[in-house]
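Take a look at the letters that make up each chain.
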Amino acid sequence: MRTSAGILLHRPAAGGREVLIGHMGGPFWAKKDAGAWSIPKGEYGPGEDPFAVALREFEEELGTPVPAADFVPLGELRTTSSKLLTVWAADGDLDASAAVSNTFELEWPPRSGRRQQFPEIDRAEWCSLDDARTRLVKGQVGFLDRLRERLPDRSPR
């Protein structure tokens, strides 16, 4: 089974909380919105510390270290039949419009022999938990529920 780890950054907002999610880069996701966003995360192998990987991948995919010091474990979810994702939540803030992701190489168009570079995350945005529920890939939505369960209500009254 493949394993990944990530950080779900959140911040206070009018009416509740917002989470930071990234739109997956590359030609397969370019014209999609619903179900085409992800928690910043990355794969790790045997012997690697999942939390250290989550911190590293956040920085690689957004171009900045996690702007937080306190982390709340949200546990693991099987996102597909072959992938297990472990996520931590952190209360922090950053300028999503300044995010700059690392890249991956892909033959595009298929069977063209031409290799192109694409960002892993082509943009990041803050959105409400309800909005994130429709935008995240299906297997990651459960982390939004876990975030709500584990954090005290910090919304303005």
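In what follows, the structure referred to is the one given above.
Everything in this summary refers to the structure shown in the same document. The residue numbers shown here count from 1 along each chain, following its written sequence. With pLDDT at 70 or above as the cut-off, local features in this predicted model cover only qualifying residues; side-chain atom pairs require 80 or more to be listed or tallied, and sums for whole chains, interfaces and linings still use all residues. Where side-chain values are given, they derive from all heavy atoms of the structure, hydrogens and water being excluded.

With that out of the way, let us pick up the overall build of the chain. Runs of H or I in DSSP of at least four residues are treated as helices and runs of E of at least two as strands, each being numbered from the N terminus. What the chain contains, in helices and strands, is three helices and nine strands. The globule rule puts the C-alpha radius of gyration for 157 residues at 15 Å, and the 16 Å found for the chain is close to it. Taking the principal axes of its C-alpha atoms as reference, the chain extends roughly 55 × 35 × 30 Å. We call a residue buried when its accessible area falls under 20% of the maximum for its residue type, exposed when it is over 50%, and partly exposed in between, using a 1.4 Å probe and counting protein chains only. Looking at the chain as a whole, 44% of its 157 residues qualify as buried. Each radius of gyration is computed over the set of C-alpha atoms, and the globule rule expresses the reference value as 2.2 Å times the number of residues to the power 0.38.

Attention now goes to helix α1 (residues 50-62). Each helix should span, by expectation, one fewer than its residue count multiplied by 1.5 Å. The end-to-end C-alpha distance of α1 is 18 Å, a good match for the 18 Å that 13 residues give at a rise of 1.5 Å each. Burial in α1 covers these residues: Val53, Ala54, Glu57, Phe58, Glu61 and Leu62. Taken around the axis of α1, the buried residues stretch over an arc of 135 degrees, which confines them to a single face. One or two steps after α1, the chain reaches Gly63, where phi turns positive at roughly 80 degrees. Here the arc refers to the directions that run from the helix axis out to each C-beta atom.

Take the nonpolar core next. Residues grouped as a nonpolar core are buried Ala, Val, Leu, Ile, Met, Phe, Trp, Tyr and Cys residues, joined through side-chain atoms within 4.5 Å. Ranked by size, the top nonpolar core spans 20 residues in total, and within it Leu8, Val19 and Leu147 carry the most contacts. Going through the elements one at a time, β2 (16-24), β5 (71-80), β6 (83-91), α2 (129-135) and α3 (142-150) are the ones with two or more residues in this core. Working rule for contacts: check all heavy atoms of both residues, and any pair within 4.5 Å makes them a contact. Other than its neighbours up to four places away in sequence, Leu8 contacts Val19, Leu20, Ile39, Leu74, Val87, Trp88, Ala89, Ala90, Phe143, Leu144 and Leu147. Within the second largest apolar cluster, 16 residues are counted, among which are Leu9, Ala54, Ala90 and Ala124.

Salt bridges, as used here, are contacts in which a Lys or Arg side-chain nitrogen is within 4 Å of a carboxyl oxygen on Asp or Glu. This structure, assessed with the given rule, holds 17 salt bridges. The shortest N-O distance in the salt bridge between Arg135 and Asp131 comes to 3.1 Å. Placement of the pair is Arg135 and Asp131 together in helix α2, with a separation of four residues, close to one helical turn. According to the relative accessible area criterion, Asp131 is partly exposed, its value standing at 32%. Arg133 is the partner of Asp145 in a salt bridge, and the nearest nitrogen-oxygen pair spans 2.4 Å.

Examined against the element boundaries, Gln140 turns out to sit in the loop between α2 and α3. Judged by relative accessible area, which is 3%, Gln140 ranks as buried. Taking C-alpha positions, Gln140 is 7.4 Å from Ser38, a pair spaced 102 residues apart along the chain. If we skip the residues at most four places from it in the chain, Gln140 touches Trp37, Ser38, Ile39, Lys41, Thr79 and Leu85. A polar contact is formed between the side chain of Gln140 and the side chain of Ser38, at a distance of 3.1 Å. A 3.5 Å cut-off defines polar contacts: any pair of N or O atoms within that distance qualifies, except that in protein one atom must be a possible hydrogen donor and the other a possible acceptor, and neighbouring residues in sequence count only when both atoms are side-chain atoms.

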